[in-house]
Amino acid sequence: INLMKTLKLFVVTTVLISPMMGSVLAQDYFLKNQAPFDTTIPSPETFLGYPIGAQHTRHDQIVTYLYKLAELSDRASIKVYGKTHEQRKLVMLTVSSPANLKNLSTIKASHLQFVDPKQQPTNYESVPIFIQLGYNVHGNEPSGAEAAMLTAYTLVASTSLEVKKYIENAVIFI
């Protein structure tokens, strides 16, 4: 009987803890290659109080986290571009270098020259690219929003040379 109780406890514990451990490992796997990180910017886990993927993160928590990133970092700005049917904010986090964020209208004008048949621009290499990362279209599918928070954190907080190169050469919309 004791063996059965022990086995039952083991199975129940494994079933309850395994998903959480998987999410912790997934988060570590996602972040480890982009270290070090600016310690003044909270990771999603620190901000939310649980690892990404351990539970479904509510819309308001995601939006609040993105606002926090924009507040703490000169690499990010945030804008409300609409509302859902339930009056929830739809936001766009823009991530790039501080210089690119200050010159968005100039970068946009350069991009418009590329598609204007009357223009003959040749400066393709010197203009940062625009990247739209659209993570979710269905509210009941949490993986996209969870991944968006990890990506936003990585782009805003990583001090790795690779990430710095990304944000110098791109304007990323999340």
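A brief report on the enclosed structure follows.

Here is what the cut-offs are and how they apply
Throughout, residues of each chain are indexed from 1 in the direction in which the sequence is written. Local features are withheld for residues below a pLDDT of 70 in this predicted model, meaning they are given only at 70 or higher, and side-chain atom pairs are given and counted only at 80 or more; totals for whole chains, interfaces and linings count all residues. To obtain the side-chain values, all non-hydrogen atoms of the structure were included, while hydrogens and water were left out. A run of H or I in DSSP becomes a helix once it reaches four residues, and a run of E becomes a strand once it reaches two; helices and strands are each numbered from the N terminus. Note on classification: 1.4 Å probe, protein chains only; a residue is buried when its accessible area is under 20% of the maximum for its type, exposed when over 50%, partly exposed between these limits. One less than the number of residues in a helix, times 1.5 Å, gives the span that helix is expected to have. Salt bridge criterion: a side-chain nitrogen from Lys or Arg within 4 Å of a carboxyl oxygen from Asp or Glu.

**Things to note about unusual backbone geometry**
Consideration 1: The omega angle of the peptide bond from Ala-35 to Pro-36 is 5 degrees, so this bond is cis rather than trans.
Consideration 2: Look at Gln-87: it is not a glycine, yet its phi comes out positive at around 65 degrees.
Consideration 3: Mapped onto the fold, Gln-87 is located in the loop between strand E1 (76-83) and strand E2 (89-95).
Consideration 4: On the basis of relative accessible area, Gln-87 is assigned to the exposed category, the value being 53%.

**Some points on helix H6 (residues 142-157)**
Consideration 1: Across its 16 residues, H6 extends 23 Å between first and last C-alpha, which sits within 8% of the 22 Å expected from 1.5 Å per residue.
Consideration 2: Among the 16 residues that make up H6, 13 are buried, leaving the element largely enclosed by the rest of the structure.

**Some thoughts on the pattern of salt bridges**
Consideration 1: Tallying each qualifying case throughout the model produces three salt bridges.
Consideration 2: When the shortest N-O distance is used, the salt bridge between Glu-71 and Lys-68 registers 3.4 Å. Within this pair, Glu-71 and its partner Lys-68 are both found in helix H3 (residues 59-72), separated by three residues, close to a single helical turn.
Consideration 3: Here Glu-86 ties to Arg-88 by a salt bridge, and the two come within 3.4 Å at their closest N and O atoms.
Consideration 4: We classify Arg-88 as partly exposed; its relative accessible area is 40%.

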